[in-house]
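Coordinate analysis (summary)
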Amino acid sequence: MSRLDTLRNRLVLLIFAITAAAIGFVYLYVVPQLESSLTAEKLRRLERLGIEGAPQLTSALRAGTPDAVVAKAVREISQDTETRVTLLAAGDQGGVLAPEFVLADSGDEPTAIQGSYDSASAAVEAGTARSGVETIAGERVGTSAVPIADDGEIRWVAVLSSPLDDVEDNVALIRRQILIAGAIALAAASLAGFWAAGAVSRRLRRLRRAAEQVADGDFTHPIPIDSSDELGQLARTFNEMQRRLARLDSARKEFIANASHELRTPIFSLGGFVELLETEKPSATERKQFMGEIRGQIDRLQKLTADLLDLSKLDADAMELRSEPVDLKEVARELAADFRPAARLHRSKLQVRGRGAAVAMADPDRVAQIIRILLDNALAHTARGTSVTVTAVRGNASAELIVGDEGRGIEPRSVERVFDRFYTGDTSSGSGLGLAIAAELAELMDGELEVVSQRGFTAFTLSLPLAEPIQGPGAEAGARDTGPEPVHGEQGSRA
Ligand SMILES: Nc1ncnc2c1ncn2[C@@H]1O[C@H](COP(=O)(O)OP(=O)(O)O)[C@@H](O)[C@H]1O
Ligand SMILES: [Mg+2]
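It should be emphasised that the depicted structure is a prediction, and the values quoted were computed from it without experimental measurement.

1. Here's the deal with the domain arrangement of the chain
Structurally, the chain comprises domain 1 (3-169), domain 2 (230-315) and domain 3 (324-486). Of note, the centres of domain 2 and domain 3, computed from C-alpha atoms alone, are 26 Å apart. Each side of the interface is counted separately: domain 2 has nine residues, and domain 3 has seven residues. When residues of the side of domain 2 that touches domain 3 are traced back to their parent elements, those giving at least two are helix 5 (230-279) and helix 6 (284-315). Element by element, the count of residues in the side of domain 2 that touches domain 3 is highest for helix 6, at six residues. A class-by-class count of the residues in the side of domain 2 that touches domain 3 yields four nonpolar, one polar and four charged.

In structure tokens:
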């Protein structure tokens, strides 16, 4: 892992770069601006002082005062303004008015103003005060020149000059301080960044370790939630995910355990019968009895494997469902016919009733499967001779099918669990998958399966979405009004 691959190093580098860029901006852009505005300020002052001192020189020069007196005036102005004052005479030079020679100078050297007299030339040419920065003897000097006229004609120019070294000193000082402050800021920002990024990456590492544990199937270590920021929220979400995974995991283990148990029982029993047939030399009647038992176990195995297959399809969202108008009464009638032999064996009276046209939007095969599960239960979990009624009704918003029996009822504490997978409330031979599958199928068809049970009465109600009312000549009107009456000639099956 290269050094830049860690979040911490990247963050520190970023903070360092931002701080350095800010310092660089101040150093390279703000400081030169400061320098030029300080210089401009100084030049403005020089110009103001020049203009203020000019009248004194003007009157001295116009009166034709001796040079010594003029030189004295120059010195006086120099002292008052704390600048060097140079008085130049101007004259015609090749058709252009220009400074010609130094008339007086407050400095020691009369030739102090060297070079091209930049601002003096500009002032003479323009006829008003001009200022600028000139390099004289290798030193930057601010100069301000004021033309002096006699009889409306410019004949002299006074130049006030002052070295810019104080400006330069100030700027150099500021530069130094910025560098020192910048170095401190860089160090502080890097340290703070290092610490903050370290805290973040520590928390991320903790999340990663927790994720690795979950990946290894260990769901027992929630991450401590130490803040409400994004990482805290991530930790909370992660813990929630872990909780759900743990639930799923234990549900899966429980499912496998239950399924294997359910499969083992009939297989074990089949093995026993096969052994008996092999070793015991049974009589013909015994043989017939064994064969009956074996068929029973094989039926049970078949039903169980079909149920397990359905559950795995439901879990994988692989159940393919059609959606078409299903006449619940019609389906119930057909199934009741199928169940007649079983009902007769059970000495039960099985009736189908109908009130209104209960046409649902659903998958007819799955509706039939649900009714089969409910009818099977109504016969399996009730005492012999219990009457069972299937009623199809059209509700306000749904088509309903009620499978009711007058059996002993489900115990109140079991009612909530009858839809759980592998829950069996009594000792009959079922594996407890029927109602779980029925409820999930109902839900898949946007319907629901509910149970009401009390002593002597149990009713499972399957509600499904209504199909669009079929437009036919008086299709529903007649049926709607009929009360609960047997609509099918299905007489109670009694053996
Ligand atoms: N009509 C009913 N009357 C009484 N108990 C019922 C009825 N239907 C279901 N039950 C109870 O609900 C449990 C779960 O039903 P089900 O999921 O079909 O499993 P199984 O029928 O294999 O036991 C049954 O074991 C039984 O105790
Ligand atoms: Mg059942």
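2. So, the nonpolar core
Residues A332, I371, L401 and A438 are the most contacted members of the largest nonpolar core, which totals 45 residues. Put simply, the parts of the chain that give this core at least two residues each are helix 7 (328-345), strand 7 (350-355), strand 8 (359-362), helix 8 (364-380), strand 9 (388-394), strand 10 (398-405), helix 10 (434-444) and strand 12 (457-465). Here this core gets eight residues from one element, more than from any other, and that element is helix 8. Contact partners of A332, with chain neighbours within four places excluded, come to V352, I371, V390, A392 and L401. Judged by nonpolar contacts, the second largest core, of 28 residues, contains L57, L103, Y117 and A123.

3. Describing the pairing of strand 3 (residues 130-136)
Within a regular strand, side chains alternate between the sheet's two faces. When strand 3 meets strand 4 (residues 139-150), the two strands line up antiparallel, connected through seven bridges. Residue pairing across strands places E134 opposite V141, the latter belonging to strand 4. The antiparallel hairpin formed by strand 3 and strand 4 contains two residues in its connecting segment, where A137 sits at a positive phi of about 50°.

4. Describing helix 2 (residues 67-81)
Structurally, the α-helix is built with 3.6 residues per turn, so residues lying three or four positions apart point the same way. Relative to the 21 Å expected for 15 residues at 1.5 Å per residue, helix 2 spans 21 Å between its end C-alpha atoms, a close match to the ideal helical length. When we look at burial in helix 2, the residues that qualify are A73, V74, I77 and S78. Taken around the axis of helix 2, the buried residues stretch over an arc of 140°, which confines them to a single face. Pointing more than 90 degrees away from the buried face of helix 2 are the exposed residues A68 and Q79. Considering only its buried residues, helix 2 is in contact with helix 1 (7-62), strand 1 (84-93) and strand 2 (96-105).

How each quantity is defined
Residues numbered from 1 in each chain as written. Chains lettered and ligands numbered in written order. Predicted model: local features only at pLDDT ≥ 70, side-chain atom pairs only at ≥ 80, totals over all residues. Domains from an automatic or database assignment. Contact = placed C-beta atoms within 7 Å. Helix = DSSP H or I, 4+ residues; strand = E, 2+ residues; numbered from the N terminus. Nonpolar A, V, L, I, M, F, W, Y, C, P; charged D, E, K, R; others polar. Core = buried A, V, L, I, M, F, W, Y, C linked by C-beta atoms within 7 Å. Buried ≥ 20, exposed ≤ 12 C-beta atoms within 10 Å, placed from the backbone. Pairing = 2+ DSSP bridges. Expected span 1.5 Å × (residues − 1). Arc of directions from axis to C-beta.

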